[in-house]
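Descriptive analysis of the structure
Each chain, written out:
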Amino acid sequence: MADDDVREFQAGQSGLIVRIPEAEPLVRAWRDRLDPSAEAGVPAHVTVLFPFLDASRVDEGVCAVISEAVGRHQSFEARFDHCGRFPGVLYLAPEPDAGFRSLTEAIVERWPEYPPFGGQFDDVVPHLTVAQGQDEVVLAKAEADLLTGLPVIAQVSTVDLLIHDGTQWRHRASFSLASAPLR
């Protein structure tokens, strides 16, 4: 959902995300001002797959397949300890990012007709967007502030399906990763 102009969101669009609630205290004020997806109801997150199926195609069978694909992966910890940039975009970068990449690959393996971000990028970099469509001065100010609050450590245990209703993104379902074995 990140890196897309909110005006391009259409009723019935869907996406799969990993919510990162641990980052909300740090990024919320910046996202509310500088990331249109926040205004549209998208929480702090790392995108697994967007765009995904039209809502009219999401049924119990689709949810069962998503659940099975996600459930093959162990829950994991991600550490956000630095910022990254794309043109006009500021984000928090997760380390390691392999777990996010694996989740995306698992969904795309089942639905190859839905490549991440419509196939517009050769390498999809997992990230938590904080600001988009902003000039360098604004991004630099936000980055300097964010760096004072890092690191953020998140436990990744679910993938959420969001559906756009024409105005806002709404939570439709959650899918659990396998529990990590006790050490």
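Data block above holds the structure.
Nothing here was measured: the structure is a model prediction, and the numbers come from that model.

Things to note about the overall build of the protein
From N to C terminus, the protein includes 5 helices and 8 strands. From first element to last, N terminus to C terminus, the protein shows the α and β order β-α-α-β-α-β-β-α-β-α-β-β-β. Overall, the protein is about 45 × 45 × 30 Å in size when its C-alpha atoms are taken along their principal axes. With 183 residues in all, the protein has 48% of them scored as buried. Contacts spanning at least 24 positions in sequence make up 79% of the contacts within the protein whose residues lie at least 6 apart. Side chains of the protein carry 15 positive and 28 negative charges; the gap between the two charge centres is 4 Å.

A short note on the sheet that holds strand 8 (residues 169–176)
The sheet built from 4 strands is open, its strands ordered 2-1-7-8 with antiparallel pairing. Of all the strands in the sheet, the pair left with one neighbour each is strand 2 (45–49) and strand 8. The average undirected angle you get between the axes of adjacent strands in this sheet is 35°. In this fold helix 3 (residues 60–71) packs onto strand 1 (14–19), strand 7 (158–164) and strand 8, with an angle of close to 55° to the strand it touches most, strand 8.

Parameters and conventions
Residues numbered from 1 in each chain as written. Predicted model: local features only at pLDDT ≥ 70, side-chain atom pairs only at ≥ 80, totals over all residues. Heavy atoms only, no water. Helix = DSSP H or I, 4+ residues; strand = E, 2+ residues; numbered from the N terminus. Buried < 20%, exposed > 50% of the residue type's maximum accessible area, 1.4 Å probe, protein only. Contact = heavy atoms within 4.5 Å. Lys, Arg positive; Asp, Glu negative; His and termini not counted. Charge placed at Lys NZ, Arg CZ, Asp CG, Glu CD. Pairing = 2+ DSSP bridges. Axes fitted to C-alpha atoms, helices over the stretch in contact; angles between N-to-C directions.

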